[in-house]
Amino acid sequence: HTLTRPLLWLTLASGALLTACGGGDGSTPPASDPPDALSGTAAVGLPIVGGTVNVRCAGGAALDTTTSSNGAWSVTLSGQTLPCAVQVSAGTVGGASNPNAYHAIALTVGTVNVTPLTDLVVARILGSSPQAWFDAPVFTAFSSSAVTGAVDAIRTALGLAAALGSADPFTTAFAANGSDPLDKVLDALQDALDNAETSYAALLAAAQAND
C-alpha cells in the first residue's frame, strides 16, 4: 500500500535518525528470569516507570504486576497456558504520564518486551485495535510465522532493517538506557514521529490498516 505523506516522512526521518544513532556500546541486558516466567522491558525509548502490567493467557488466571524504575517487569507462570497477551498502561515516561497502552504477545516463556514496536506488530496481525483485542484476547491469529511475518513487515515499512538487524523486538533482552541498540531504535522512532508532526495513534492506525 502507498504510504500517506506523514508516514512517508516518518520513514525517511526514521532512517536518517537511525543512521545517526550508530551501534551500541556493549551494555549488558537485564538478567533473564527462571524458565517458568515471562519478563521483559516496557519502554518507548525512555522506560515506562510504574506502569501497570496485565498478562492474560490462553488458560489460567490473569497475572498483574508493575514495571520498575528501568521499565523491567516479571511474572511467574503457575497453571497458565501459552500464548499470553501482555499489556502495559499508565505509569510515567520521563516524569510525564504515559498516555498510551502498549501490547505484546508471548508464544514461549522467557523474554517478552512491550514497546511501540511490539504494539505495531500486534496491530498488524489483528488488523484492528490491540486495546480492544486485549479486553477479551483470542489467540488463533498468533502463530510463530504470523509474528515473524508481521515483524518483517513493520521492520521494512519503517526502514528499520539495518538498525534492528537480527534483534527481535519481542524476545531480545534490552536495557532502556539510551545506549542499548534496541532502545536507540525506540528513541529514533519517537523522534521521527515528532519530526513528522504525526501521532503514535496515527501510526498504529496505519499498521491496523496494513498501510
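Residues numbered from 1 in each chain as written. Predicted model: local features only at pLDDT ≥ 70, side-chain atom pairs only at ≥ 80, totals over all residues. Heavy atoms only, no water.

Visitor: How do you make sense of the sheet that holds strand E3 (residues 52-59) when you look at a structure like this?
Guide: Consider a sheet: its strands pair through backbone hydrogen bonds, and that pairing is either parallel or antiparallel. Taken in spatial order, the 4 strands line up as E4-E3-E6-E9 in an open sheet, and their pairing is antiparallel. One side of each edge strand has no neighbouring strand; the edge strands of this open sheet are strand E4 (63-66) and strand E9 (102-106). The sheet shows a mean angle of 20 degrees between the axes of neighbouring strands, direction not considered. Note that strand E6 (residues 81-89) and E9 share 5 bridges and pair antiparallel. Directly across from Val86, in E9, lies its bridge partner Ala104. (Pairing = 2+ DSSP bridges. Helix = DSSP H or I, 4+ residues; strand = E, 2+ residues; numbered from the N terminus. Axes fitted to C-alpha atoms, helices over the stretch in contact; angles between N-to-C directions.)

Visitor: Quick question: what am I supposed to make of unusual backbone geometry here?
Guide: Trans peptide bonds make up the majority, and among non-glycine residues the majority have a negative phi. The residue after Leu82, namely Pro83, is reached through a cis peptide bond having omega 5 degrees. One can find Pro83 in strand E6. The residue Glu197 is not glycine, and still its phi comes out positive at about 55 degrees. Among the structural elements, Glu197 can be located in the loop between helix H6 (181-196) and helix H7 (200-208).

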